[in-house]
Amino acid sequence: MIGEDRSARVEKIALGRIRNRGIPVRANAVEGEIRKLAASIRKYGLLQPIVVRPAGKDFEVVCGQRRFQAVRQLGFGEIVAVVRTLDDRQAFETAIAENARREPFSAADRTELLRRLLAMFPGRPDGELEEWLGTAAPAGEEVPPPPPAGLDDWLMSLPETEGKSSNVSVVMAGEPG
């Protein structure tokens, strides 16, 4: 069981059965970002599965679009995914929640997402919908840089309150080609 969703399950799914997210949450990733993520996955494995939803006999990415692109770029045949049954609105909400926690939305992404949320939830106060998007990146300020290149360096850079001594689980995607 994952959260409240008793029907969610974890599976290894062939990449050919997964399609890109139908409703993008952020602007498309820069190719350099995908290459860096692919290099990290090649070295450390896929540390977090993607989230997909059934789409006919195949699947659609809900969360983890960049991880999906990176694994595909590496030539892996399959990827570990959490499969959840979600309608369009639930998939969009889930993608927003995951993205907002990963890094602040740019001003352009926030404006577009707020427009879509207002259309999906007429009558809801703007302030409530803005809270769903999380903290905004300060105007004119770049999104914070990713953690240091090495996983060990990143783990050691965590504050003591982050619980360094906790066990870490690693989920590996299939081997290339």
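Above this text is the structure in question.
Presented here is a report on the structure given in the accompanying data block. Predicted, not measured: the structure shown is a model, and the values here were computed from it. The residue numbering used here restarts from 1 in each chain and proceeds along that chain's sequence as written. The predicted nature of this model means local features are confined to residues of pLDDT at least 70 and side-chain atom pairs, given and counted, to a pLDDT of 80 or more, with totals for whole chains, interfaces and linings taken over all residues. The side-chain figures draw on all heavy atoms in the structure; neither hydrogens nor water molecules are used.

Regarding the overall build of the protein chain
Part 1 of the reasoning: Helix and strand definitions follow DSSP, with helices as H or I runs of at least four residues and strands as E runs of at least two, each counted in order from the N terminus. If you tally the helices and strands in the protein chain, you get six helices and five strands.
Part 2 of the reasoning: Remark: exposure states derive from per-residue accessible area (1.4 Å probe, protein chains only) relative to the maximum for the residue type, with buried under 20%, exposed over 50%, and partly exposed in between. The buried share among the 177 residues of the protein chain stands at 34%.
Part 3 of the reasoning: Note on definitions: a residue-residue contact is assigned when non-hydrogen atoms from the two residues lie within 4.5 Å. Across the protein chain, every contact between residues at least 6 apart in sequence was considered, and the portion connecting residues at least 24 apart equals 78%.
Part 4 of the reasoning: Only carbon and sulfur atoms are counted for the fraction: they give 52% of the accessible area of the protein chain, which is about 11,000 Å². Areas reported here follow the Shrake-Rupley algorithm with a probe of radius 1.4 Å; residue values treat only the protein chains shown as occluding.

A few points about the packing of helix α1 (residues 31-44) against helix α2 (residues 65-74)
Part 1 of the reasoning: Two elements in contact, α1 and α2, have axes whose closest approach is 8 Å; the angle formed by their N-to-C orientations is 70°. Judged on the interaxial angle alone, α2 and α1 are roughly perpendicular. The segment α1 lies against α2, with E31, E33, I34, R35, L37, A38, I41 and R42 engaging R66, R67, Q69, A70, V71, Q73 and L74.
Part 2 of the reasoning: Gly is placed with the polar residues, together with every amino acid not listed as nonpolar (Ala, Val, Leu, Ile, Met, Phe, Trp, Tyr, Cys and Pro) or charged (Asp, Glu, Lys and Arg). Here the residues of the contact of α1 with α2 sort into seven nonpolar, two polar and six charged. Each axis is a line fitted through C-alpha atoms, and for a helix only the stretch in contact is used; angles between axes span 0 to 180 degrees, taken between their N-to-C directions. Between 65 and 115 degrees an angle is taken as roughly perpendicular, under 35 as roughly parallel, over 145 as roughly antiparallel, and anywhere else as oblique.

Structural notes on the environment of L129
Part 1 of the reasoning: For L129, the position within the fold is in helix α5 (residues 126-132).
Part 2 of the reasoning: It is 6.8 Å that separates the C-alpha atoms of L129 and L117, two residues lying twelve residues apart in sequence.
Part 3 of the reasoning: Excluding anything up to four places from it in sequence, L129 contacts L114, L117, L118, F121 and R124.

Focus: the pairing of strand β3 (residues 50-55)
Part 1 of the reasoning: Buried residues dominate β3, accounting for five of its six residues.
Part 2 of the reasoning: In this description, strands pair whenever DSSP reports at least two bridges between them. In this structure, β3 lies alongside strand β5 (residues 78-83), joined through three bridges in parallel fashion. Each residue of the ladder has a partner; that of I50, found in β5, is A81.
Part 3 of the reasoning: By the bridge criterion, five bridges tie β3 to strand β4 (residues 58-63) in an arrangement that is antiparallel. Bridge assignment links P54 to a residue of β4, and that residue is F59.

Let's talk about α1
Part 1 of the reasoning: Along its 14 residues, α1 runs 20 Å from first to last C-alpha, staying within 8% of the 20 Å computed at 1.5 Å per residue.
Part 2 of the reasoning: When we look at burial in α1, the residues that qualify are I34, A38, I41 and Y44. Projection of α1 onto a plane perpendicular to its axis shows the buried side chains occupying an angular sector of 150°, all on one side. The exposed residues of α1 that point more than 90 degrees off its buried face are K36, R42 and K43.
Part 3 of the reasoning: Two residues or fewer past α1, G45 is found with a positive phi of approximately 90°. To estimate the expected span of a helix, subtract one from its residue number and multiply by 1.5 Å. To be clear, the arc concerns the directions from the helix axis to the C-beta atoms.

Focus on the pattern of salt bridges
Part 1 of the reasoning: When a carboxyl oxygen of Asp or Glu is within 4 Å of a side-chain nitrogen of Lys or Arg, the pair counts as a salt bridge. With the rule as written, the count across this model stands at nine salt bridges.
Part 2 of the reasoning: Across the pair R9 and E11 runs a salt bridge whose closest N-O atoms are separated by 2.4 Å.
Part 3 of the reasoning: Residues D58 and R17 are paired through a salt bridge, measuring 3.6 Å at the closest nitrogen-oxygen approach. Of this pair, D58 sits in strand β4 while R17 sits in the loop between β1 (9-14) and β2 (18-19), and the two are 41 residues apart along the sequence.
Part 4 of the reasoning: On the accessibility criterion, D58 (34% relative accessible area) is partly exposed.
Part 5 of the reasoning: Classification of R17 by relative accessible area gives partly exposed; the value is 36%.

Interpretation note: all reported values are geometric properties and have no functional meaning in isolation.
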